[in-house]
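One-letter residues, chain by chain:
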Amino acid sequence: MGREHGTSAGRTPLLSVRDLSVVFDDGERRLQTLKDVSFDVEPGEIVGIVGESGCGKSLTALSILGLLPRRNCVRTGNIVFEGRDLAGLSEAAMRKVRGRRIGMIFQEPMTALDPVFTVGDQITETVRTHFSVSRIEALDRAVAALASVGIAAPRQCVEMYPMSLSGGMRQRVMIAMALVCEPRLLIADEPTTALDVTIQAQIMDLLVELSSRTGTALLFITHNLGLVAESCARMLTMYAGQVVEDGPVEDILTRPLHPYTAGLLASLPRAEQRKSKLPSIPGRVPSPEEMPPGCRFGPRCTYAQPPCGEPQPLFGRGARHVRCWRSDELILAGAAT
Amino acid sequence: MTPILAVETLEVAFPGGRRNQVVKAVDGVSFAVAQGETFGVIGESGSGKSTVGRCVVCLTAPTGGKVLHEGQDPFALPREALRRHRRGFQIIFQDPNAALDPRMTILESVREPLDVARIGTAAERRDRALAMLDRVALSAGLASRYPHEISGGQKQRANIARALVPGPKLIVCDEVVAALDVSIQADMLNLFADLQREFRLTYLFISHDLRVVAHVSDRVAVMYFGKLVELGPAGAVMAEPLHPYTQALLSAEPEPVPARLRNRQRVILKGEIPSALSPPGGCRFHTRCPIAQPECARIEPAWREVAPARYVACHFAGTPASPAATRPAVPAA
């Protein structure tokens, strides 16, 4: 069940994902890992995707980028980016989009950087893949990109190997590499999870500042609700391969509509309630093999009733969307209470 | 009364870098933990917090200072006596995968400490391990599984059971919930609280996550670069941090609340944690400190009690960070 189109006040979204489903099929088993994922990202917007491990956050990012293994992965639905459906593009055409129009940053900067090439080699390779410029021009762009992410000595940095950089510096290099081609959308998958909290604050400030300076939209995947609260305008909650809630961050934090979002918010320790018992969500995320036929959160939900045994569509509520038929009557506590 | 754990000017130096160079992972740390207390240790990577934890359970020998268990130095014990003694002082690590032997079933892993200690008959050891698995809410059906067959949260429960079977008095919890999702993390923190009451445990709770440490701890100590910079009751430190590093850590922690409920000033620290081979002179934090003065680079601040039970190592403790270095936390437009 897709969400209705054209909710976003006449503006054309930069990215429009509709009914995205992914099925892994190894010949023996068919595992549906994403089901009917639909959402929009406006130009320049910062959108957070939250949810626990195994809810399909990273898989959504990989699907948009066309990085799923082609052999045993079946992707259906539409991924309209800048007016073109990426789902229909050939690998060759996709290569022109990936890294150029859509940049990406992953969690572990050490595994994403090649240890045997210098920082400069790796950034200029990206530049020269997408632009026909000289080596010198490419190097100049690399230096400028490193300077723009707050690296104090960019001329020295291009000569360095990833191993001689700290975690925070590596992630800055990753961001410079992702932004050197001036993409319109940057997908950042847990970009600060491997970093210390004071370095995390620096990197998040940098991402938000670069996004507003260059007008690059940011799709920010994280399990950290605090980061979403502080940097995103809109958020999506994913559960078991589906979007269960979508709306402005402030609204969701004040009054979540889906019991899963409310459960995530409630389970965080709070300074003013030290040593109290933390409300937790019973059970765990179902694996694709044991997916409940009705509401996927139903078996863990305190508010479940017999109609929850039916699959839930994504209901529209103004600027908000929720996959719960009881969302009108439930008054769920937000982060404020 | 003798504290269950006392750490006195603890020093741990590792050989590192070039010849004859040493890295002081821990450099003069002192604190005492009372029976039944949860003592939190907060710090970023490289602060030395895990090394302190390892010294406390005798996994790493200090190169200076002392660890005292109920007034006794465990490192002075003969080998056999130390083996018996350390049953009372256990540790649980961050990565539940690395801590369990992949070729042992969960029951075997939990029974192993009892086997090693030769406590009771085989049947008694099995019963005791099963009872402990039940206590940490792992069903008997999971006892015969191997680690790869169960979830991360279940593995961490198995590790807790394994730490509990020898009947410890104190458990060092080193980043025990860092690898877990928030709802499982909440379950686990509740379990730790219940077990503490039931078994009268003392915890040394080490984490980089301020919110988690503050939630579970009675007192917290903040480490930076091998030294304690602040120590005090958890509520007081969270409400009114005195050291500029603690202030920065607190303000860097993103809060999952709507913008209108966020009224703190953010202190963004410049720069990175300095190299362990060449620690800055004077106060070790002065290179990143928003309120550093020239004297901070020369004179190391003394560890002093600035208010009852509140200790801090800073010349200017309690000074709010300068306005230039702070800005209101505003969400992105």
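These numbers were taken from a predicted model, which means no experiment stands behind them. Here, residues in each chain are numbered from 1, in the same order as that chain's written sequence. All chains are assigned letters beginning at A, and all ligands numbers beginning at 1, according to the order in which they are written. Per-residue local features are limited, in this predicted model, to residues with pLDDT of at least 70; the limit for side-chain atom pairs, both in listing and counting, is 80 or more; totals at the level of whole chains, interfaces and linings are taken over all residues.

Quick look at helix α11 (residues 259-266) of chain A
Since one α-helical turn is 3.6 residues long, residues separated by three or four positions face the same way.
Next up, step 1: Within α11(A), eight of the eight residues are buried, which leaves the element mostly enclosed by the surrounding structure.
Next up, step 2: Contact between residues is assigned whenever the C-beta positions, reconstructed from backbone atoms, fall within 7 Å. Labels follow the DSSP assignment, with helices taken as runs of H or I lasting at least four residues and strands as runs of E lasting at least two, numbered in each case from the N terminus. Those residues of α11(A) that are buried lie in contact with β3 (46-50), α9 (225-231), β9 (234-239), β10 (242-248) and α10 (249-254) of chain A together with α7 (182-199) of chain B. Every C-beta atom is placed from the backbone, and the number of other C-beta atoms within 10 Å of a residue's own sets its class: buried at 20 or more, exposed at 12 or fewer, partly exposed in between.

Overview of the interface of chain A and chain B
Next up, step 1: Contacts between chain A and chain B engage 45 residues on the former and 36 residues on the latter.
Next up, step 2: Counting only elements with at least two residues in the side of chain A that touches chain B, the list comes to α8 (197-214), α9, α10 and α11 of chain A.
Next up, step 3: If you tally residues by element for the side of chain A that touches chain B, the top one is α8(A), at nine residues.
Next up, step 4: Looking at the side of chain A that touches chain B residue by residue, the class counts come to 21 nonpolar, 15 polar and nine charged. Three classes are used: nonpolar for Ala, Val, Leu, Ile, Met, Phe, Trp, Tyr, Cys and Pro, charged for Asp, Glu, Lys and Arg, and polar for all others, with Gly counted as polar.

Some remarks on the sheet that holds strand β2 (residues 22-33) of chain B
All names here are of chain B.
Next up, step 1: In short, DSSP must find at least two bridges between two strands for them to pair. Sheet architecture is open: three strands sit in the order β2-β1-β4, paired in antiparallel fashion. Of all the strands in the sheet, just β2 and β4 (64-69) have a single pairing partner and so form its edges. Across the sheet, the mean angle from the axis of one strand to that of its neighbour is 25°, orientation sign disregarded.
Next up, step 2: Relative to β2, strand β1 (residues 5-15) runs antiparallel, the two being bridged by nine bridges. By the bridge assignment, E11 is partnered in β2 with D27. Axis geometry follows a simple rule: fit a line to the C-alpha atoms, using only the stretch in contact for helices, then measure angles between N-to-C directions, giving values from 0 to 180 degrees.

Some details on the sheet that holds β3(A)
Within a sheet, neighbouring strands are paired by backbone hydrogen bonds and run either parallel or antiparallel to one another.
Residues and elements named next belong to chain A.
Next up, step 1: Spatially, the eight strands line up as an open sheet ordered β6-β7-β8-β3-β9-β10-β12-β11, and their pairing is mixed. In this open sheet, the two strands that pair with only one neighbour each are β6 (102-105) and β11 (315-317). Here the strands of the sheet are splayed against their neighbours by 20° on average, with no regard to which way each runs.
Next up, step 2: In this sheet, strand β8 (residues 217-221) lies alongside β3 in parallel orientation, the contact comprising four bridges. Each residue of the ladder has a partner; that of I49, found in β8, is I221.
Next up, step 3: Set on the sheet, α11 makes contact with β3, β9 and β10; between it and β9 the angle comes to about 100°.

Notes on the nonpolar core
Buried together is how nonpolar side chains tend to be arranged in soluble globular proteins.
Next up, step 1: By definition, a nonpolar core groups buried Ala, Val, Leu, Ile, Met, Phe, Trp, Tyr and Cys residues that are joined through C-beta atoms within 7 Å. Counting 188 residues, the largest nonpolar core has A:A176, B:V56, B:A161 and B:L204 as its most contacted members.
Next up, step 2: Those residues within four positions of B:V56 in sequence are excluded, and the remaining contacts are B:L5, B:V7, B:V67, B:F89, B:V172 and B:L204.

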